[in-house]
Amino acid sequence: MYAINHAATALLLKKKEPKLPLFPLLVSVQLVEVLWVLFNYLGWEHFSISGGSVHLDYLPYSHSIFSGVVAAAVSFCVINWGYKNRKLAFAFAIGVVSHVIIDMVFHEKDIQLSPFSATPVLGFGIIDHPVLNFIIEFAYGIFCWWYFKGSRALLWVIIMFNVIDLPIMLAHGDALTPFMHYPFLLPTVILFQILITWYFVYRYASLRSEARQAINN
Ligand SMILES: [Zn+2]
């Protein structure tokens, strides 16, 4: 799943627990992806390009079921005992796990149960059908906005970033050559997407809650 729709998942958490700050929730749903970027820079995980498309061959440390659960548990402990905020700890942990579960729906068979077991690998492979991928992600992003009762500006943010993702989803063949020659390029593009979607979703989702608070006051 692309950055904007992972970010949209934070809206579901925020709606459930409106008093929690949005930014840590946005971090939670992308923690696994930030680790993926970091591990790719470090060379611990890698992707490949073959048959004209990108394959996320090796990502057992950031994107396995086991590491998702461990990252969620560690986050829970740090926030619960370190910051004494059980509600945020719980929501953050759900956000972390949501990433792996959602990716399992979209990824090719590349999500391991744990870093210690090469098989089985999970993934429904929707990513291999770019138009279907676009429609499902787009519908999911809109659903999160609708559930959150976001502003029109936030809806535009979700629409625009989904539309921008479409050419990336459709990219194949020669369009991917730069990513082959410069392995740091793909993680950097993803990192940039994470940061920019954090910014826009935070900005336009917060505006809404501030406006609502003003009305309530
Ligand atoms: Zn991911």
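Residues numbered from 1 in each chain as written. Predicted model: local features only at pLDDT ≥ 70, side-chain atom pairs only at ≥ 80, totals over all residues. Heavy atoms only, no water.

## A few points about the UniProt feature "transmembrane region" (unreviewed entry) in the protein chain
Stated formally: UniProt positions are given in the numbering used here, feature names are shortened, and annotations may be inferred rather than shown by experiment. Each helix corresponds to a stretch of at least 4 residues labelled H or I by DSSP, and each strand to a stretch of at least 2 residues labelled E; elements are numbered beginning at the N terminus.
As recorded in UniProt, the feature "transmembrane region" (unreviewed entry) lies at residues 20-41, 61-81, 88-106, 126-148, 153-172 and 184-202. Summarising residues 20-41: 91% helix, 0% strand, and an end-to-end C-alpha distance of 32 Å. Each end of residues 153-172 is marked by a C-alpha atom, and these two atoms are 32 Å apart; helix forms 90% of the span and strand 0%.

## Considerations on the nonpolar core
Quick reminder of the rule: Throughout, nonpolar core names a set of buried Ala, Val, Leu, Ile, Met, Phe, Trp, Tyr and Cys residues whose side chains join them through atoms within 4.5 Å. Per-residue accessibility, obtained with a 1.4 Å probe over protein chains only, is compared with the maximum for each type, and a residue is labelled buried under 20%, exposed over 50%, and partly exposed between these values. The criterion used for residue contact is that any of the two residues' heavy atoms lie within 4.5 Å.
If you look at the biggest cluster of nonpolar residues, it comprises 49 residues, and the most contacted ones within it are Leu-11, Leu-25, Leu-26, Trp-36, Leu-154 and Val-201. Ranked by residues supplied to this core, first place goes to helix 4 (residues 86-106) with eight residues. The contacts of Leu-11, once residues within four sequence positions are left out, are Cys-144, Trp-145, Phe-148, Leu-154, Ile-158, Val-201 and Ala-205.

## Considerations on the pattern of salt bridges
Stated formally: Just to be clear on terms, a salt bridge is a Lys or Arg side-chain nitrogen sitting within 4 Å of an Asp or Glu carboxyl oxygen.
All told, the structure shown has one salt bridge when counted by the stated rule. For Glu-17, the salt bridge identified is with Lys-87, shortest N-O distance 3.9 Å. One end of the pair, Glu-17, is in the loop between helix 1 (3-16) and helix 2 (22-42); the other, Lys-87, is in helix 4, with 70 residues separating them in the sequence. A residue is classified by how much of its surface remains accessible, and Glu-17, at 27% relative accessible area, is partly exposed. For Lys-87, a relative accessible area of 52% puts it in the exposed group.

## A closer look at the packing of aromatic side chains
Here is the rule: A pair of aromatic rings is counted whenever rings of Phe, Tyr or Trp (Trp by its six-membered ring) have centres within 6.5 Å, and the orientation is called stacked for planes under 30 degrees apart, edge-to-face for over 60 and tilted otherwise.
This structure, assessed with the given rule, holds 13 aromatic pairs. Taking 5.7 Å as the distance between ring centres and 55 degrees as the angle between the ring planes, the aromatic pair formed by Phe-161 and Phe-200 counts as tilted. Residue Phe-161 is located in helix 6 (residues 152-170), and its partner Phe-200 is located in helix 8 (residues 185-216); the two are separated by 39 residues in the primary sequence. Overall, the relative accessible area of 15% leaves Phe-161 in the buried class. Phe-200 sits in the partly exposed class, given a relative accessible area of 25%. Site record: aromatic cluster; members linked through ring pairs are Phe-161, Tyr-199, Phe-200 and Tyr-204.

## Let's talk about the coordination of the zinc ion
Reference values for coordination geometry: four tetrahedral donors around a metal ideally subtend 109.5 degrees, six octahedral donors ideally subtend 90 or 180 degrees. Where we set the bar: Sites may look incomplete, because water is not among the atoms used; the donor set itself consists of N, O and S atoms within 2.8 Å of the metal (3.2 Å for Na, K and Ca).
Coordination of the zinc ion by the protein comes from Glu-33 (OE), His-63 (NE2), His-99 (NE2) and Asp-103 (OD), over a distance range of 1.9 to 2.2 Å. Spacing between the donor residues of the zinc ion along their common chain follows E-x29-H-x35-H-x3-D. Remark: His-99 occurs in helix 4 and His-63 occurs in the loop between strand 2 (53-58) and helix 3 (65-82); sequence separation between them is 36 residues. With respect to burial, His-63 and His-99 carry one shared label: buried.

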